[in-house]
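Chain by chain, the residues:
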Amino acid sequence: MSALDFSDRVTRVKPSFTLEMTSRAADLRSKGIDVINLSVGEPDFNTPEHIIQAGKEAMDKGFTKYTAGPGMIELRQAICKKLSVENGLTFTPDQVLVSNGEKQSLYTACQALFDKGDEVIVFSPYWVSFPEFVRLADAEPIIVSTDPNNQFEPNFNELVSKINSKTKGMIINSPSNPTGGVWSSGAIDKILEISKKNNLIVISDECYEKLVFNGQYISAEKLNNYNTEVVTCMSLSKTYAMTGWRVGYTVGNKNIIRAMSKLQGQATSCANSIGQKAAIAALTGDQKCVESMRNKYKERRDLMIRLLKEIQGAKCMIPGGAFYAFPDFSYYLGKNYNGEKINDSFKLCDYILDVARVVSVPGDGFGAPGHIRFSYAVSKDTIREGVDRVVKALSELN
Ligand code: PLP
């Protein structure tokens, strides 16, 4: 045995391939090459000014120390008020755990709930971290497919066929990264009903709740007529353009929150104090900034989808939310460039980067062969120029 024998966990977990694309793009940029980045997973807007001011004020006033482990009581109260006013949900502060970003919330929820031998349903295309969170809890992710023509709603026959005595829970994410799909209330209702029937816990990742462009967003917990155990994870990152502040939270059963809080307390003590003060300002302040950003994303979505639909052979559903388009480019698989065959979306994205100088994310990494994820959290000019370059590059394939 050597000191550098890493744990089994390290070997098991997959590295983030999205970061790999970003670092390749950074490499090209450092060589002076003009690269368009459509792989971004965060708002391009700056955090609204009143939230920044609250962060500055927190520092000036010395609010730079540890807070209560589960989060400042004022923030947990503000979260409960937000849930009541915006989501129609009743929670008390002891049912809330604030974390350093929702990623930590989801990770901790999986650590608290899953064990070796458990199976956890994850719907494909999935956010890359879901199967890894499950694996890091020593459980096994079980992949269930969805319908690309209907907001990537679950294939319920497949879901039911994959539930067995080992199934412990499922992770849902509507609006979704990477598809932008927004599930109907009927689909979520079915998920809750099936979960109750089989005694499963539902972890609902709702970080894109404010980025819904068609119809009204309803939280899974609000649709929960079955008394199903739901753990809801939310974030300030996308709603308020606060990705770097690292504030997310979990709401659910008091005992689950207590268990998660116990683990988080040993991992990181508490979420960052300045971010928590800024989060209070975000949740209790004027919400016009959210509306204004959403309107801009909607215009960008409409532009990007219109342009993608014009691409020969591309199939693209109109995503109901988030800030991603997820076209099916299978038409281009099997084609050649300079005698080299492009046989999967990794190769296609490499080709698009090399020839069009556009960074995108291959669908294979999300469990969706033939698809590519393009983010529209960029300006309209960038969308136009980026898609135009992609079109030209694709036309050179034969
Ligand atoms: N869930 C999904 C589906 C995401 O796309 C992200 C971020 O990209 C997160 C959760 C985590 O957000 P954060 O940790 O910034 O709150």
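Coordinates for the structure precede this section.
So, here is what we can say about the structure in this document.

**Comments concerning the sheet that holds strand 7 (residues 167-172)**
Spatial strand order, 2-10-9-8-7-3-4: 7 strands in an open sheet with mixed pairing. With one partner strand each, in any of the chains shown, strand 2 (96-99) and strand 4 (140-144) form the two edges of the open sheet. Within this sheet the neighbouring strands show an average axis-to-axis angle of 20 degrees, counted without direction. Relative to strand 10 (residues 248-251), strand 2 runs antiparallel, the two being bridged by 4 bridges. When the bridges of strand 10 are listed, Ser99 appears paired with Gly248. Where helix 4 (residues 73-87) meets the sheet, it contacts strand 2, strand 9 (230-235) and strand 10, and its direction lies at approximately 110 degrees from that of strand 2.

**Some thoughts on the packing of helix 11 (residues 288-309) against helix 13 (residues 380-395)**
In contact at an axis separation of 10 Å, helix 11 and helix 13 are set at 10 degrees when each is read in the N-to-C sense. Between helix 11 and helix 13, the interaxial angle falls into the category roughly parallel. On helix 13, the residues that touch Glu299, Arg300, Leu303, Met304, Leu307 and Leu308 of helix 11 are Lys380, Ile383, Arg384 and Val387. Along the lines of polarity and charge, the residues of the contact of helix 11 with helix 13 split into 6 nonpolar, no polar and 4 charged.

**Some points on helix 3 (residues 49-60)**
Think of an α-helix as 3.6 residues a turn; residues three or four steps apart then line up on the same face. Taking 1.5 Å of rise per residue, 12 residues should cover 16 Å, and helix 3 covers 16 Å from first to last C-alpha, within 8% of that figure. When helix 3 is considered as a whole, its buried residues turn out to be Ile51, Ile52, Ala54, Gly55 and Ala58. Across the axial projection of helix 3, the buried residues extend over an arc of 155 degrees, all falling on one side. Buried residues belonging to helix 3 abut helix 10 (273-284). Trailing helix 3 by a residue or two, Gly62 shows a phi angle of about 80 degrees, which is positive.

**What about empty space enclosed by the protein?**
For the structure shown, the criterion picks out 2 cavities of 30 Å³ or more. Its volume calculated, the largest cavity comes out at about 120 Å³. Around the largest cavity, the lining comprises 16 residues; the ones closest to its centre are Phe123, Pro125, Asn173, Ser176 and Trp183. At the level of secondary structure, the elements contributing two or more residues to the lining of the largest cavity comprise strand 3 (119-123) and strand 7. Grouping the constituent residues of the lining of the largest cavity by class yields 10 nonpolar, 6 polar and no charged. Its volume calculated, the second largest cavity comes out at about 60 Å³. Around the second largest cavity sit Lys82, Glu86, Glu209, Lys210, Met234, Ser235, Leu236, Thr239, Tyr240, Tyr249 and Leu283, which together line it.

**Some thoughts on the nonpolar core**
Residues Met304, Leu308, Phe329 and Leu348 are the most contacted members of the largest nonpolar core, which totals 47 residues. Elements with a minimum of two residues in this core: helix 2 (17-30), helix 11, strand 11 (324-325), helix 12 (345-356), strand 14 (358-359), strand 16 (372-375) and helix 13. Of the residues forming this core, the biggest block, 7 residues, is contributed by helix 11. Each of two domains, domain 1 (8-46 + 289-395) and domain 2 (49-284), supplies a minimum of three residues to this core. Among all residues touching Leu348, those that are not within four sequence positions of it are Phe329, Tyr332, Leu333, Ile342, Ile372, Leu394 and Leu397. If you look at the next biggest cluster of nonpolar residues, it comprises 31 residues, including Leu113, Trp127, Ile171 and Val231.

What counts and what doesn't
Residues numbered from 1 in each chain as written. Predicted model: local features only at pLDDT ≥ 70, side-chain atom pairs only at ≥ 80, totals over all residues. Heavy atoms only, no water. Pairing = 2+ DSSP bridges. Helix = DSSP H or I, 4+ residues; strand = E, 2+ residues; numbered from the N terminus. Axes fitted to C-alpha atoms, helices over the stretch in contact; angles between N-to-C directions. Contact = heavy atoms within 4.5 Å. Parallel < 35°, antiparallel > 145°, perpendicular 65-115°, else oblique. Nonpolar A, V, L, I, M, F, W, Y, C, P; charged D, E, K, R; others polar. Expected span 1.5 Å × (residues − 1). Buried < 20%, exposed > 50% of the residue type's maximum accessible area, 1.4 Å probe, protein only. Arc of directions from axis to C-beta. 1 Å grid on protein atoms, 1.4 Å probe; cavity = no way out; pocket = protein on both sides within 12 Å on 5 of 7 lines; lining within 4 Å. Points joined across faces, edges and corners; volume = space filled by probe spheres on them. Core = buried A, V, L, I, M, F, W, Y, C linked by side-chain atoms within 4.5 Å. Domains from an automatic or database assignment.

From the geometry alone we can't say anything about function, so treat these as descriptive.
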